[in-house]
Amino acid sequence: MPLRAKVATSVSKTAAALSRAAGRGDGSVIGGWIGLKIDPDLLGHLAAGRAIALVSGTNGKTTTTRLAAAALGVLGPVATNSFGANMPTGHTSALAKAGATPFAVLEVDEHYLARVIDETNPRVVALLNLSRDQLDRAKEVAMMAQMWRSALAGHPDVSVVANADDPMVVWAARGSSHITWFSAGQRWHDDSFVCPESGHPIERAGGDWWCTGCPLRRPQPQWRVEDEGVVDPRGDWHLVKLQLPGSVNIGNAATALAVAAEFGVRAIEALPRLSTVASIAGRYAQVDRDGRNIRLLLAKNPASWLEAFDMAEQAPTLLSINARDPDGFDTSWLYDVDFSPLHDRPVLITGDRAFDLAVRLEVNGIAFRHVLSFEEAIRSVPPGRLEVIANYTAFQDIRAELDRVN
Ligand SMILES: [Zn+2]
């Protein structure tokens, strides 16, 4: 590495360590920020010589990144931004901290994918899904798909691993010359009713979809979920034993296996490593408190709420909503979520914007009770499971009350 990059790496690691020591989080954002101030090309220097996979999409990228990093661990040490800092500052910090590893798996915010592809020259890019997110700042879904498509067009050597079930992802990836398709399902269809190529309606039947006005249609996936397992490109079925709940996570495992296969890792080698992942920065964590088994589910946009309902058991459920800066200030997306799956269980609500949620639940015909704190929620339910579904900062608040559970 050039001298400037070496100095920048060293200062970046020191700043991150100081920030951690001061109790200001994990320090990855400030560490990366300082490193990039000293050497604007630092991310490229740190990426050089590593075989890299990037993982992007609206939902599931933190979990899929963690699973893919676990799978690639078969081959050797893997650098990864496991704290979810998914912009170039976080990538820089993660690579600086990891030292010289042969591999890296990086979660990338969908808006930064083009820049991170340019700077890190990845071997593989995994595209998970695109749906509406943070209405006051995120790009429209069709614009994101166009940005991805342009980004990939400039890098014909990249292997793309993409979700065959999401028409927007298929359209974005389709121009690439080396594509592996996986099928991980798509619960949320409201952002892909119209063909991004021709503007005609998209029809769906079973798991299939096709445009009614042009040739765009669902490609045949090489990797797919079947029952509690994954079918590989040779047609062999593998049982997937995860500690993470729900069919959504079997889909994330299928994606991770497809990514790892691009590096030569066989499913049979990777699967035991996937089963060791218990929770990711508090997501899916289970904590026992006062006889209650509390499970934490993060949901931050309409598609991820649908997935959380699918994962949650039929048990008392606490919903917590904030609208602070990391969450986005606009809560009107609550009206995009159908809360009716909760009609058969006791529902508690809390958070800064609990009353926005209250109005939404009343319109949806869901009975609920408002509680002022997480402690009150625990006291309000009988011993046994309490499911907690919260958006970003609400999740972090509850995680802090549980002593920063991982
Ligand atoms: Zn079309």
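Residues numbered from 1 in each chain as written. Predicted model: local features only at pLDDT ≥ 70, side-chain atom pairs only at ≥ 80, totals over all residues. Heavy atoms only, no water.

**Here we look at the overall build of the protein**
Scanning the protein from terminus to terminus reveals 14 helices and 17 strands. Relative to the globule expectation of 22 Å for 406 residues, the C-alpha radius of gyration of the protein, 21 Å, shows essentially globular dimensions. Over its C-alpha atoms, taken along the principal directions, the protein stretches across nearly 60 × 60 × 40 Å. Expressed as a percentage of its 406 residues, the buried residues of the protein come to 55%. The long-range share in the protein, meaning contacts at least 24 apart out of those at least 6 apart in sequence, stands at 68%. With an accessible surface of roughly 16,800 Å², the protein has 51% of that area assigned to carbon and sulfur atoms. (Helix = DSSP H or I, 4+ residues; strand = E, 2+ residues; numbered from the N terminus. Rg over C-alpha atoms; globule rule 2.2 N^0.38 Å. Buried < 20%, exposed > 50% of the residue type's maximum accessible area, 1.4 Å probe, protein only. Contact = heavy atoms within 4.5 Å. Areas by Shrake-Rupley, 256 points an atom, 1.4 Å probe, with all protein chains shown as cover.)

**Comments concerning the UniProt feature "active site" (unreviewed entry) in the protein**
Listed under "active site" (unreviewed entry) in the UniProt record, and renumbered for this structure, are Asp330. Relative to the helices and strands, Asp330 is located in the loop between strand E14 (317-320) and strand E15 (347-350). A relative accessible area of 29% places Asp330 in the partly exposed class. There is a polar contact of 2.7 Å between the side chain of Asp330 and the side chain of Ser332. (UniProt positions renumbered as here; feature names shortened; annotations may be inferred. Polar contact = N/O pair within 3.5 Å; in protein donor to acceptor, adjacent residues only side chain to side chain.)

**A word on helix H14 (residues 392-401)**
Residues of H14 that are buried include every one of Thr393, Ala394, Phe395, Gln396, Ile398 and Arg399, and no others. Summarising the contacts, the buried residues of H14 are in contact with strand E13 (292-298), E14, helix H13 (374-380) and strand E17 (384-390). Directly beyond the C-terminal end of H14, a positive phi value near 60° is found at Asp403.

**Quick notes on the coordination of the zinc ion**
Only Cys195 (SG), Ser198 (OG), Cys211 (SG) and Cys214 (SG) from the protein coordinate the zinc ion, and they sit 2.2 Å from it. Considering all four donor atoms around the zinc ion, the spread of angles at the metal, 99 to 115°, places the coordination shape in the tetrahedral class. Going along the chain, you hit the donors of the zinc ion in the pattern C-x2-S-x12-C-x2-C. Within this pair, whereas Cys195 is found in the loop between strand E6 (179-183) and strand E7 (202-205), its partner Cys211 is found in strand E8 (residues 208-211), the two being separated by 16 residues in sequence. Classification of Cys195 by relative accessible area gives buried; the value is 3%. (Donors = N, O, S within 2.8 Å, 3.2 Å for Na, K, Ca; no water. Tetrahedral: all angles 85-135°; square planar, octahedral: opposite > 155°, others 65-115°.)

**Details of the packing of aromatic side chains**
What the rule picks out here adds up to five aromatic pairs. A ring pair is formed by Trp305 and Phe309, whose centres lie 5.9 Å apart and whose planes are at 65°; its orientation type is edge-to-face. Taken together, the positions of Trp305 and Phe309, both in helix H11 (residues 302-311) and four residues apart, correspond to about one turn of that helix. In this structure an aromatic cluster arises from ring pairing among Trp305, Phe309, Trp333 and Phe339. (Phe/Tyr/Trp six-rings, centres within 6.5 Å; stacked < 30°, edge-to-face > 60°.)

**Thoughts on the sheet that holds E14**
Pairing is mixed across the open sheet formed by six strands, whose spatial order is E12-E13-E17-E14-E15-E16. Edge positions in the open sheet fall to strand E12 (286-289) and strand E16 (369-370), since each of these has one partner strand only. Sitting on the sheet, H11 touches E13, E14 and E17, and the angle it makes with E17 is about 175°. Contacts from helix H12 (residues 354-364) reach E14, E15 and E16, with the element oriented near 145° to E15. (Pairing = 2+ DSSP bridges. Axes fitted to C-alpha atoms, helices over the stretch in contact; angles between N-to-C directions.)

**Digging into the packing of helix H2 (residues 28-38) against helix H5 (residues 88-98)**
The interhelical angle for the contact between H2 and H5, taken along N-to-C directions, is 90°, at an axis separation of 7 Å. If you check the angle between H2 and H5, you find them roughly perpendicular. For the pair H2 and H5, the contacting residues are Ser28, Val29, Gly31, Gly32, Trp33 and Leu36 in the first and Pro88, Thr89, Gly90, Thr92 and Ser93 in the second. Here the contact of H2 with H5 is composed, by residue class, of four nonpolar, seven polar and no charged. (Parallel < 35°, antiparallel > 145°, perpendicular 65-115°, else oblique. Nonpolar A, V, L, I, M, F, W, Y, C, P; charged D, E, K, R; others polar.)

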